[in-house]
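# Overview (structure and organization)
In case you want the letters, here they are:
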Amino acid sequence: MGIKNNNTKSYVAPELVSKGRVWGFRIDPYLTLFFFVFFIISIFLIYNPNSSLELYKRQALNYGISLIFFVIISQIPSNFVKLLAPYLYLLGIIMLVIVLLFGVEGKGAQRWIDFGILNIQPSEFFKFLLPLMLAWWFNLADDNGFNKWLNWIVVAIFIITAVLMIAVQPDLGSALMVLVSGLIVIFLVGLPWKVIIISMACMALSFPILWSNMYSYQKQRVLTFLDPYKDPLGFGYHVIQSTIAIGSGGLFGRGWLQGSQSRLDFVPEQHTDFIFSIVAEEYGFIGGTALILLYVALMWRGLIISLNSQTHFLRILGVALSVVIFFYVGVNIAMVTGLLPVVGLPLPLISYGGSSLITYAIILGILSSIKCHSPDTAKIKY
Amino acid sequence: MKVKKLAYNNKLRNYREFNYLYRSRTFQLIILCLFIAFVLMYRLYDLQVLNHTKLEIQSDNNRLSLLPIFPYRGRIFDRNGQVLADNKAQYELRINNKLPQKEKNRIIKEISGRLGFDFQNALKHYRKYRRLSRKQQTTPFVTLTDVQAAEFSGISFLYANVNLDYRIVRTYPYKEVASHLLGHLGLVDAFDLKDRKLFSQDRTNVNAQIKYVGKKGVERHYDRLLRGEFGYQIIEIDAGGKKVKDIEVSQANDGVDLQLTIDVRLQNYINQKIQNLKASVVLMDVSNGEILAMSSGPSYDNNVWSSKKGVNKLYNDKRKPLLNRSTHGLYPPASVIKPFIALAGLHSKVLKADEKYFAGPYYTLKNVERRFHDWKKEGHGLIDMNQAIAQSSDVYFYDLGFRLGINRIESFLSQFPFGKKTGIDLPGEAVGVLPSRQWKYAKIGKRWVDGETLITSIGQGFFLVTPLQLATAISSLANHGEIITPSLVRNDQQVKLSPSQRVKWYAESNWNKIKEAMHNVVSKPYGTAYQTMSKARYSLAGKTGTAQVVNLVQSPEKRQEQKENLIKKYHDHSIFVAFAPYNKPQVAIVTIIENGGNGSGIATTLSKQFLDKYFQYY
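Cut-off values and rules
- Here, residues in each chain are numbered from 1, in the same order as that chain's written sequence.
- Ligands are numbered from 1 and chains lettered from A, in the order in which they are written.
- pLDDT decides what is reported in this predicted model: residues at 70 or higher carry local features, side-chain atom pairs at 80 or more are listed and counted, and totals for whole chains, interfaces and linings draw on all residues regardless.
- To get the side-chain values, take all heavy atoms of the structure and skip hydrogens and water.
- Strands pair, by our definition, only if DSSP identifies at least two bridges between them.
- In this text, helices come from DSSP runs of H or I with a minimum length of four residues, and strands from runs of E with a minimum of two, each type numbered from the N-terminal end.
- To get an axis, fit a line to the C-alpha atoms, keeping to the stretch in contact for a helix; angles then go from 0 to 180 degrees between the N-to-C directions.
- In what follows, a contact means two residues having at least one pair of non-hydrogen atoms within 4.5 Å.
- Angle categories: roughly parallel below 35 degrees, roughly antiparallel above 145, roughly perpendicular from 65 to 115, and oblique for all the rest.
- It is the rotation of the near helix from the far one that decides the hand of a crossing: anticlockwise by less than a right angle makes it left-handed, clockwise makes it right-handed.
- Gly falls in the polar group here, along with every residue not listed as nonpolar (Ala, Val, Leu, Ile, Met, Phe, Trp, Tyr, Cys, Pro) or charged (Asp, Glu, Lys, Arg).
- Remark: exposure states derive from per-residue accessible area (1.4 Å probe, protein chains only) relative to the maximum for the residue type, with buried under 20%, exposed over 50%, and partly exposed in between.
- Think of it this way: a Phe, Tyr or Trp ring, Trp meaning its six-membered ring, pairs with another when their centres are within 6.5 Å, and the plane angle makes it stacked under 30 degrees, edge-to-face over 60, tilted otherwise.
- Two limits define a charge over a ring: the Lys NZ or Arg CZ must be within 6 Å of the ring centre, and within 35 degrees of the ring normal.
- Put simply, buried area is the surface a 1.4 Å probe can reach on two separate parts but cannot reach once they are joined, added for both.
- Here, a salt bridge means any side-chain nitrogen of Lys or Arg that lies within 4 Å of a carboxyl oxygen of Asp or Glu.
- Here a polar contact is recorded for every N or O atom pair within 3.5 Å, except that within protein the pair must consist of a potential hydrogen donor and a potential acceptor, and residues adjacent in sequence are included only if both atoms are side-chain atoms.
- Grid points spaced at 1 Å over the protein atoms alone were grouped into cavities, where a 1.4 Å probe fits but cannot get out, and pockets, open sets with protein on both sides within 12 Å along at least five of seven lines, with lining residues defined by an atom within 4 Å of a point.
- Grid points are joined across faces, edges and corners, and a volume is the space filled by probe spheres set on the points.
- The term nonpolar core refers to a set of buried residues drawn from Ala, Val, Leu, Ile, Met, Phe, Trp, Tyr and Cys, joined through side-chain atoms within 4.5 Å.
- Think of pLDDT as the predictor's per-residue confidence, scored from 0 to 100.
- To estimate how far a helix should extend, the number of its residues minus one is multiplied by 1.5 Å.

## Comments concerning the sheet that holds strand β20 (residues 573-580) of chain B
Residues and elements named next belong to chain B. The sheet built from five strands is open, its strands ordered β12-β11-β21-β20-β19 with antiparallel pairing. Edge positions in the sheet fall to β12 (291-297) and β19 (541-547), since each of these pairs with one other strand and no more. For this sheet, the mean angle separating the axes of adjacent strands, direction not counted, is 5 degrees. With seven bridges joining them, strand β11 (residues 279-285) and strand β21 (residues 587-593) adopt antiparallel strand pairing. The partner of Leu283 across the bridge, within β21, is Ile589. Sheet strands in contact with helix α10 (residues 264-274) are β11 and β12, and its direction is about 20 degrees off that of β12. Against the sheet, helix α18 (residues 467-478) makes contact with β11, β12, β20 and β21, and its axis sits at roughly 150 degrees relative to β21, the strand it touches most.

In structure tokens, the structure reads:
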């Protein structure tokens, strides 16, 4: 026991613990800084004097709510998070079932649950719920030495359940991204490369089957992605207008509020999914690159936290969440710049919208919690 | 203890294995993410640096919109400031196309009850414009008076789907009074686009916005001046097409207000007299060429061009009301040409004014069987030039014409605006025909014969003139040879008018002799216009003419019989020309009444009335 205590003491780095506090709360100061930087960026981009909607005020409110989530989640010890993981996952699945049965329709799909004051999109939560669940399972399997193949089968069931239930809403974009977040975890725990290569080949072969089962609007999106000018006023309109917006920004951009494409509504969804076009149009190549690097920095902070954490569970969870955020960023920007077909994904932490913002605040909260509670959990485990 | 330690070591080894795998996989993920970041940044570089120019142009095309600013078309006044052409706002109500038909009917009916217009007419109007307006958001259904428009604006808040719109329409308050010379506006057609005078050379976007141009008369000739210069406005618009802000504005230059030389009082009076006749009257100031009145009958209402039905009726009218007979009507000058032939004789010394000549009932040529009859069965007897003009002897002028020869006649008359344009500021004036050997050979392909010289010298045969040419010629006679270009616009404006010309200088006495002879036409009892004109309170010099429309049989006995049986279409044209006062000419008048019969009849009578009216004012 004495060894353990000594070990534990050698792991405890008091200055880290003390640094992980802001105004008496256990929060990572760097993540807090990121949170506020993104808050400022988001408000500046959403502010539009021409619009009477005053979305920026509501976004500020969203940020306020998100901050509460961020702080509260951050206070929860990460081992407690681990204990909660399967129940949260189960809750998420139940919510997906509710969505399918009683969900509110929007944009041709059932994605929302109406709670009166706020609408909740449960598929959002699977961004972290699936990594959480998988990390929990791998941790369990590792501890108990489960059969390797049984292990993979159970993991596959977890992933497929979530992905399918989101896909039938139908929300193919979110489903694919949830799948990717699951795959990141699998990759991280060491899925053999040969399995990865074989499954990728299978996916390529199964594409025709997938294609025949796709909804026509999904097919249209893929087709117009290949040639947006085929339908410049219909499905291709989004991509054409956003590339015009980005291109007209040039090296230094047109300046704040000067982006005619985005501010004058030529780019649709310019406050939500296509908000990156405002960045690129008004702040140019410099601004766009800076924002991408800011996301890289955020991911970097998440990775540092994860690598310094002490348990399998936390390390897997931390890296997975950090990388998932960046993947969402990558897919969103690729979509806005016309590199990927248009799928309805917001830009993390900047796009207008409460549901998405709260989700990312929770993810940041989890990362922060890993940072601030890590040493204590290490004491228990090893 | 040992087992426990082994298990612990095992776990530690597992942990290390895991750690190694985990670190390498994390590293691979980081590489993947950085690769993604690089791809995105390269894409941004591609769009924002490499394709920047192209995409910026597309962006500008999206956000910038060019709007024309319409200039106010210049108004047209008569010489006393009466408005002849004006711009008026016409109000109309338009209804939202998106409403269901039942709802539309209900709303239209309700408004018709409130404003007091006919519901059925409004429905008809709506159906007429429904197809035309299907790409717009609204369709017009009724045209309102100013009072109704004001009334509607008071209750407009009740009808969100109806809006009050207005457009500027060209109106002509005097309607048919000056329709021919004013012209009208019409949509630009392919023919107009070829007209270089109508548009500036660089056909910019703004120029392409011109929808209406003058189609006839002054509206056409001074179209660019009246139209003014289009302005433009570059605005920034949002995706919905709504204006956000001005980028650049270039104001329009309004059109110039034109003051015409027309006196609408005279014009109106003349029009009243001839509006149901096929006739033409030109009243011209001999001192400066200003047209005081120029009327063509039958006249039509200029405002009719807004309705297709009315226009079709005009096109189908056999009396050809759309023809401006003053500038486009071609008539044989008949006896009216005689003073000019006499002048040619005096100038070329072929003729002596006092010499008496026996004018019998007919004239014969060697080797020609045909007899050239006088209009007077028994002939005029022994007459000098003075009497020959006053009595309008044909035989006297057959002889004179024969002695002059066609070449001399043609070269003398060509100094007057016969066979060429007078240069009046109206579009597409007819030139008529001044016959000559070359002309006949070119047009008909036959050689000239002497008989044709004879009938040319009494203004028949191939000879064709417009009333305006006659008026110009008569005023040059009054001016002793100065040919003043007739004009419709006063010279003091920014309008370029062609300068006046002179015929060759001839002895003053010759002019006076001709003028005296023309004075005798109205003042001597033997003059052809004496009966009508002798009572005039002013002195004048005139000449009657009777233009034959068809060739009549030669023998005078049968001729009378034939004349009586002629249908109206082939009756003679009645012509009277004059300038007044005789001593100090002010005004020249030409009156031509188609199928009006003898020149000393209706044309002279009407001319007297017109001149009376003129001297009432001047």
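## Some remarks on the packing of helix α3 (residues 101-115) of chain B against helix α5 (residues 146-155) of chain B
Residue and element names in this part refer to chain B. Two elements in contact, α3 and α5, have axes whose closest approach is 10 Å; the angle formed by their N-to-C orientations is 120 degrees. Classed by the angle they form, the pair α3 and α5 counts as oblique. Here α3 and α5 pass one another in a crossing that is right-handed. Of α5, the residues touching α3 (which contributes Ile111, Arg114 and Leu115) are Gln148, Glu151, Phe152 and Ile155. Residue composition of the contact of α3 with α5, grouped by class: four nonpolar, one polar and two charged.

## Details of the packing of helix α15 (residues 394-413) of chain B against helix α17 (residues 450-457) of chain B
All names here are of chain B. Close contact between α15 and α17 brings their axes to 8 Å; oriented N to C, the two are set at 105 degrees. Taken together, the axis directions place α15 and α17 in an arrangement best described as roughly perpendicular. Between α15 and α17, the contacting residues are Phe397, Tyr398, Gly401, Phe402, Gly405, Ile406 and Ile409 on the first element and Asp450, Thr453, Leu454, Thr456 and Ser457 on the second. Residues belonging to the contact of α15 with α17 are distributed by class as follows: six nonpolar, five polar and one charged.

## So, the environment of Ser112(B)
Turning to its location among the elements, Ser112(B) is positioned in helix α3. On the basis of relative accessible area, Ser112(B) is assigned to the buried category, the value being 7%.

## Examining the packing of aromatic side chains
Scanning the entire structure with this criterion turns up 35 aromatic pairs over all chains. Aromatic side chains Phe35(A) and Phe70(A) sit 5.3 Å apart centroid to centroid with 10 degrees between the ring planes, which places their arrangement in the stacked category. Taken together, the residues Phe35(A) in helix α3 (residues 29-46) and Phe70(A) in helix α4 (residues 55-75) connect sequence positions 35 residues apart. No difference in accessibility class separates Phe35(A) from Phe70(A), as the two residues are buried. Centre to centre, the rings of Trp448(B) and Phe462(B) are 6.2 Å apart; their planes meet at 55 degrees, and the pair counts as tilted. Remark: Phe462(B) occurs in the loop between α17 and α18 and Trp448(B) occurs in the loop between α16 (437-443) and α17; sequence separation between them is 14 residues. According to the relative accessible area criterion, Trp448(B) is buried, its value standing at 9%. Site record: aromatic cluster; members linked through ring pairs are Phe35(A), Phe36(A), Phe39(A), Tyr63(A) and Phe70(A). Cation over ring: Lys127(A) sits above Tyr328(A), and NZ or CZ is 4.8 Å from the ring centre. Geometry around Tyr617(B) places Arg265(B) over its ring, the cationic atom sitting 3.9 Å from the centre.

## Considering the interface of chain B and chain A
Taken together, the 39 residues of chain B in the interface contact 57 residues of chain A. For the chain B and chain A pair, buried surface summed over both sides reaches about 4200 Å², with 70% attributable to carbon and sulfur atoms. Together, Tyr22(B), Arg25(B) and Gln48(B) form the three largest contributors to the area buried by chain B at its contact with chain A, with a combined 17%. Across the contact surface, chain B and chain A share one salt bridge. Two residues, Asp60(B) and Arg254(A), come together in a salt bridge whose shortest N-O distance is 3.9 Å. Our enumeration of links across chain B and chain A arrives at twelve residue pairs in polar contact (both at pLDDT 80 or more). Contributing elements (two or more residues each) for the side of chain B that touches chain A: α1 (2-50), α2 (52-63) and β8 (231-237) of chain B. Here the side of chain B that touches chain A takes 26 residues from α1(B), the largest share from any one element. Taken together, the residues of the side of chain B that touches chain A sort by class into 23 nonpolar, eight polar and eight charged.

## Comments concerning empty space enclosed by the protein
Residue and element names in this part refer to chain A. Applying the stated criterion across every chain, the model contains one cavity of 30 Å³ or more. Within this model, the largest cavity holds a volume of roughly 30 Å³. Taken together, Ile46, Asn48, Ser51, Glu54, Leu55, Tyr56 and His271 make up the full set of residues lining the largest cavity. Looking at the lining of the largest cavity residue by residue, the class counts come to three nonpolar, three polar and one charged.

## What to know about the nonpolar core
A general feature of soluble globular proteins is that nonpolar side chains tend to end up buried together. All names here are of chain A. In this structure, Phe38, Phe126, Phe276, Tyr295, Leu298, Leu347 and Leu364 are the most contacted members of the largest nonpolar core, which totals 122 residues. Among the elements that make up this core, the one with the highest residue count is helix α14 (residues 312-336) (19 residues). Residues within four places of Leu298 in sequence aside, it is in contact with Leu31, Phe34, Phe38, Ile325, Leu349 and Leu364.

## Some words on the sheet that holds strand β9 (residues 243-250) of chain B
All names here are of chain B. Reading across from one edge, β1-β8-β9 is the order of the three strands in this open sheet, with antiparallel pairing throughout. Edge positions in the sheet fall to β1 (64-69) and β9, since each has one partner strand and no second. Each neighbouring strand pair of the sheet contributes to a mean axis angle of 30 degrees, computed without reference to strand direction. Bridge count for β1 against β8 is six bridges, and the pairing is antiparallel. Along β8, the bridge assignment pairs Ile69 with Gly231.

## Quick notes on the confidence of the model for chain B
Within chain B, residue pLDDT values average 85, and 91% of them lie at 70 or more. Mean pLDDT per element in chain B: helix α21 (residues 556-565) of chain B is the minimum at 67, and β21(B) is the maximum at 94.

## Looking at α18(B)
All names here are of chain B. An ideal rise of 1.5 Å per residue puts 16 Å on twelve residues; α18 measures up with 16 Å between its terminal C-alpha atoms. Within α18, twelve of the twelve residues are buried, leaving the element largely enclosed by the surrounding structure. Taken together, the buried positions of α18 are occupied by Pro467, Leu468, Gln469, Leu470, Ala471, Thr472, Ala473, Ile474, Ser475, Ser476, Leu477 and Ala478. Immediately beyond the C-terminal end of α18, within one or two residues, lies His480, with a positive phi of roughly 60 degrees.

## Observations concerning the pattern of salt bridges
Residues and elements named next belong to chain B. Summed over all chains, the structure comprises 27 salt bridges over all chains. For the salt bridge of Asp263 with Arg265, the shortest nitrogen-to-oxygen distance reads 2.9 Å. For Arg265, a relative accessible area of 35% puts it in the partly exposed group. A salt bridge links Glu594 to Arg325, with the nearest nitrogen and oxygen atoms 2.8 Å apart. Of this pair, Glu594 sits in the loop between β21 and α22 (602-617) while Arg325 sits in helix α12 (residues 325-328), and the two are 269 residues apart along the sequence. Residue Glu594 shares its accessibility class with Arg325, and that shared class is buried. One continuous salt-bridge network, built from bridges that share partners, spans Arg73, Arg170, Glu219, Asp223 and Arg227.

## Here's the deal with α17(B)
Residues and elements named next belong to chain B. Counting buried residues along α17, six of its eight residues qualify, which places the element largely inside the surrounding structure. Within the span of α17, buried status applies to Gly451, Glu452, Thr453, Leu454, Thr456 and Ser457. Contacts from the buried residues of α17 go to α13 (338-347), β14 (362-364), β15 (371-373), α15 and α16. Two residues or fewer past α17, Gly459 is found with a positive phi of approximately 75 degrees.

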